[in-house]
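Structure at a glance
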Amino acid sequence: MWALVLLLAVAGTCLVEAAASSNAAPLDPPGVLLTHRRQKRDWIWNQMHIDEEKNTSLPHYVGKIKSSVNSKNAKYVLKGESVGKVFQVSEDTGDVYAFERLDREKISEYHLTALVVDKDTRKNLESPSSFTIKVHDVNDNWPVFTHRLFNASVPEMSAVGTSVIRVTAVDADDPTVADHASVMYQLLKGEEYFAIDNSGLIFTTTKNLDRETQAKYEIVVEARDAQGLRGESGTATVLVNLQDINDNFPTFTQTKYIFAVPEDIRVGSSLGSLFVEDSDEPQNRMTKYSIVQGEYRDTFTIETDPNHNEGIIKPMKPLDYEYIKQYVFTIEATDPTINLHYLSSVSIQKTARVIINVTDVDEPPNFHQPFYHFQLRENQKKPLIGSVLATDPDAARRSIGYSIRKTSDKGQFFRITKQGNIYNEKELDREIYPWYNLTVEAKELDSSGYPTGKESIVQVYIEIMDENDNPPEFAQPYEPKVCENAAQGKLVVQISAIDKDVTPRDVKFRFSLGTEDSNFTLTDNHDNTANITVKYGQFDRERAKVHHLPVLISDNGRPSLTGTSTLVVTICKCNEHGEFTYCEEMAAQAGVSIQALVAIFLCILTITVITLLVFLRRRLRRQARAHGKGVPEIHEQLVTYDEEGGGEMDTTSYDVSVLHSARRGAPPPRPALYAQVQKPRPAPAVHAGPGEMAAMIEAKKDEADRDGGGPPYDTLHIYGYEGAESVAESLSSLGSGASDADVDYDFLSDWGPRFRMLAELYRAEPAEELPY
C-alpha cells in the first residue's frame, strides 16, 4: 500500500515537470513596462497529497512548487497558518516538506499560498497562487458508539422480528476510501433472544418473551470495521425492558370467604372484601367479580376497587336475621379486557365460595305502612280517625308504645292510644286547616313498660272533609251609589256570592231581599248573580242619605244554608248628565273586633284604678302629717330613724349597739362618756311656743341628765364625722358656732308641719332657749 502511494506521488511530480517544460512562455524584452504588456507566467504544480501518520523519519517530502519565472535571483516562499509549524519550502528548488506527522481525522486539508520573490528586493516576481495539500486517509480508527448505554423497551410476547432499538457506531476514517469507515455489528450477549443487522437494528428472535418470567434483558453489541479493526470503545450495552400486556387471569387467594355482618347494615355499604392475585401490572388489572351460583344476585353486588383490584361486597336490600340467617353463594373473578391472543396460561382458581352470616341486633319497631292517610269530617269531636300499627321485628317481640310528636301537633288537636288508635280532641274546621300532618312515634318497651331506646316514626296525613257549615256571602265589598233623581228600573249594582265551603261545580246561589219596604228591588239572574235596581223612582236625600239593604243568599248544599249580607247604598246628588256631584262619605268602619275592644277597656280601667289608689295614698299621708303624732310615737321615730351613721362609705365609725341597748333598757356596754359633767338645773323660762315637740325635747333632756351610762344624743362620737365620701360633712351642733341668732330659719316653715314647729323653736330668742 505504501509503495502504491509513493509511486503515485512520483508520477504526479513527473507530470508537473513535463507540463512546465511544454507550457513555458518567453520572457518579456527588456524595457517593456508591465502596464503596457503583461507577461504570461504559470505556476507549475499539481494538487499535493501526503499520507497521514507516516512512519518514516521527518521531514516528509510533500511535493514541489515551480514557476515559469526564469530568474537566478528568484526565491520560493510559502504563506499560511501552518507554514513554519507544519510545512516549509526550499527557497531554491520549491520542494515542500512536512515537519510533523499529520492526522487526517484532525485536519484533512491544508490551504497554503505560494509566492516567488526577488531575493534582494523581496518583490513578487509572480502573482501569489493558492494551493491545497490533502492528507490521505489511513485506516487507523475503529468504530465508536454514540452512547455506551442504550435503553429500550418492547411489549412482552411480541412476534419474532419485532424491532427493539437501532444503535449507531461511527468510524472517524474517510468514508470515501473503501472499507475504511464501514461498520459491522455483532452481539456478544443476548443473542439467544435478540439479533442485530448491519444497520444496527436490534430485533427479537423469539415470541415467548414473558414479562412475568423475566422483565429485563441485557444485550452487549460490538462494532468493527470491514478490516476487523476494533477497540475498547467499540462495544455498547443495551438494556431492554419488557412492557406488560394484560395476558394473565386473576386468581383468588382463598377458596372460601366467610363474613359476619349485623342485620342492620346500611344498604350499599361494604360488608367485606375479596382479594385476588394478578401477575400483570396494576394498569392492566381489570378484575370483574360476579355471582355464578346461588339465589342472591338481587341481594348482593360485588364492586371492584380500581385502586387495589379488590372485590367489595355490598348488600342491595336490607338484611333480616329473622328471615335469613346465612347466605351462601359462589363467585367468579374474570378480566374482560384480557388479550386472549397473548394469553400465557389459563387460571384454574377463578372461583371461590362466599358465606355471609347475619347476626341479630335489637332493631327499632317497623310500621306496617310507609305512611298513613285518614279522612275526618269537620265539626266532629272524638271519633276514631284511624289506627297505626308497628311491631318489633326481633324474636323478643316486645310491646310498642305510641305517641304524637308535639312539634307536629302544636294545637294538641289529636291523641293516640296504646293500641295506635288516633282520635281528635277538638272540633276541626276545614276552612282553617284542611290538612294535618302528624308524626307518630313507635317506641319499643321492655317488660316493665319503659322505653328501650329503640323507636321509629311514620307520617300520618289527616284530611279534613268539608261540610256545608258556612252560609254564602258577598263575593266582594260593594259600595253602590245612586242618583237621588234616578228613574225607575235604574241598575244600581250587580252582586255575586261566594261560599267558604268547598264549592261544587253545580253550585246555585239564590238571592232575595230581606225587606220589601224599600225603594229597591232585586232580580235573581239564576247564574249566581243578582241585579239591584230602583223600584219606584226618585229618592229623598233629606230623609235618608244612606240605605241599608239586607240581602239573603242561600246555597243548594245539604243542608241548605242562608246568609244575610247588608248592602249599603249611598244616595248622591247628580247633574243633568247623571254624573255624581256630591255623595255623603260613610264613616269609616273600624275593623276592631269585640275582643280587642274589651281588652282596651280593661287596660283603661286598670290604669284608672291604679291612679286612684296612688292619689288616695298620698292624700292619707298628707292628712297624717297635718294631724301630727303623740310624744311616744315621735320618740319611737327619733330613736329608730334619727341614728346618723358615719357616712355612706364609713361603717366602722361608731357602734350603734349603744343606742339599741338604751332603747331595750339593757345596761350600757361601756362607761358613761360624760358622767362627771353636771349641768345646772333649768330655770323657769318662757317657752316660745307650746307644743308636743317642745315637751318631747324637754323630756329627752331630763332622761339624758338622769342616765349617767348612756351617751348624749348630740355628741361628736355620733355626729361628728360623716365619713370621707359624705357630701353632708358633719351634722354635729357641737362644731357649730356659739350662737345661731344670725341664721334665718323661716324657710323651714315651707317644708311642712313638722319643720314648721322646728322653725318656731329656732326663731326663739337666746334668753328663751331651753337650758340643759
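For the structure itself, consult the block above.
So, a few notes on the structure that sits alongside this text.

The rules behind each value
- Residues numbered from 1 in each chain as written.
- Predicted model: local features only at pLDDT ≥ 70, side-chain atom pairs only at ≥ 80, totals over all residues.
- Heavy atoms only, no water.
- Helix = DSSP H or I, 4+ residues; strand = E, 2+ residues; numbered from the N terminus.
- Expected span 1.5 Å × (residues − 1).
- Buried < 20%, exposed > 50% of the residue type's maximum accessible area, 1.4 Å probe, protein only.
- Arc of directions from axis to C-beta.
- Pairing = 2+ DSSP bridges.
- Axes fitted to C-alpha atoms, helices over the stretch in contact; angles between N-to-C directions.
- Salt bridge = Lys/Arg side-chain N within 4 Å of Asp/Glu carboxyl O.
- Core = buried A, V, L, I, M, F, W, Y, C linked by side-chain atoms within 4.5 Å.
- Contact = heavy atoms within 4.5 Å.
- Disulfide = S-S within 2.5 Å.

**Examining helix 5 (residues 692-706)**
With 15 residues, helix 5 extends 21 Å between its outermost C-alpha atoms, agreeing within 8% with the 21 Å of an ideal straight helix rising 1.5 Å per residue. The set of residues buried in helix 5 consists of A694, M696, K700 and K701. Along the axis of helix 5, the buried positions cluster into a sector of 160°, meaning they face one direction only.

**So, the sheet that holds strand 24 (residues 300-305)**
The 3 strands are arranged 21-25-24 in an open sheet whose pairing can be described as antiparallel. The two strands at the open ends of the sheet, each matched to only one other strand, are strand 21 (272-274) and strand 24. Each neighbouring strand pair of the sheet contributes to a mean axis angle of 35°, computed without reference to strand direction. Sheet analysis places strand 21 next to strand 25 (residues 310-315), joined by 3 bridges and oriented antiparallel.

**Description of the pattern of salt bridges**
A complete count under the given rule lists 14 salt bridges for this structure. Ionic pairing is found between E303 and K314, a salt bridge with its closest N-O pair at 2.9 Å. Placement of E303 in strand 24 and of K314 in strand 25 is noted, with a sequence separation of 11 residues between them. In this structure E303 comes out as partly exposed when scored by relative accessible area, which is 38%. Each of R211, E212, D244 and E281 takes part in salt bridges that share partners, so that together they form one network.

**Describing the nonpolar core**
Counting 24 residues, the largest nonpolar core has I495, F511, I532, V551 and L567 as the members making the most contacts within it. Of all the elements, strand 39 (residues 491-498) adds the most residues to this core, at 4 residues. Beyond its immediate stretch of four places on either side in the chain, V551 contacts F474, I495, F511, S512, L513, L522, G563, T564, S565 and L567.

**Things to note about the environment of E473**
Position of E473 relative to the elements: it lies in strand 37 (residues 473-474). For E473, a relative accessible area of 32% translates into the label partly exposed. Beyond its immediate chain neighbours, meaning those up to four positions away, E473 contacts S496, A497, I498, K500, I553 and S565.

**Here we look at unusual backbone geometry**
A cis amide bond links R558 with the next residue in sequence, P559, at an omega value of -5°. In this fold, P559 is placed in the loop between strand 43 (546-554) and strand 44 (562-574). Positioned with a positive phi, Q412 is a non-glycine residue whose angle comes to about 50°. One can find Q412 in the loop between strand 32 (400-404) and strand 33 (414-416).

**Describing the state of the cysteines**
A complete count under the given rule lists 2 disulfides for this structure. C483 shares a disulfide with C574; S-S distance 1.9 Å. Between C483 and C574 the sulfur-sulfur dihedral comes to about -90°; the bridge is accordingly left-handed. Placement of C483 in strand 38 (residues 481-483) and of C574 in strand 44 is noted, with a sequence separation of 91 residues between them. Of the two residues, C483 and C574, neither departs from the other in class, the shared state being buried. At a sulfur-sulfur separation of 1.9 Å, the disulfide partner of C572 is C583. The chirality of the disulfide connecting C572 with C583 is right-handed, given an S-S dihedral of about 120°. One end of the pair, C572, is in strand 44; the other, C583, is in strand 45 (residues 580-583), and 11 residues separate them in sequence. Accessibility assignment for this pair places C572 and C583 in one class, buried.

**A closer look at the sheet that holds strand 29 (residues 371-377)**
Judged by pairing direction, the sheet is mixed, and its 4 strands sit side by side in the order 29-36-35-32 without closing on themselves. Across the chains shown, the open sheet's two edge strands, defined by having one partner strand only, are strand 29 and strand 32. Sheet twist, expressed as the average angle between the axes of neighbouring strands with direction ignored, equals 30°. Note: strand 29 against strand 36 (residues 451-465), 7 bridges, orientation parallel. Paired with H373 across the bridge in strand 36 is Y461.

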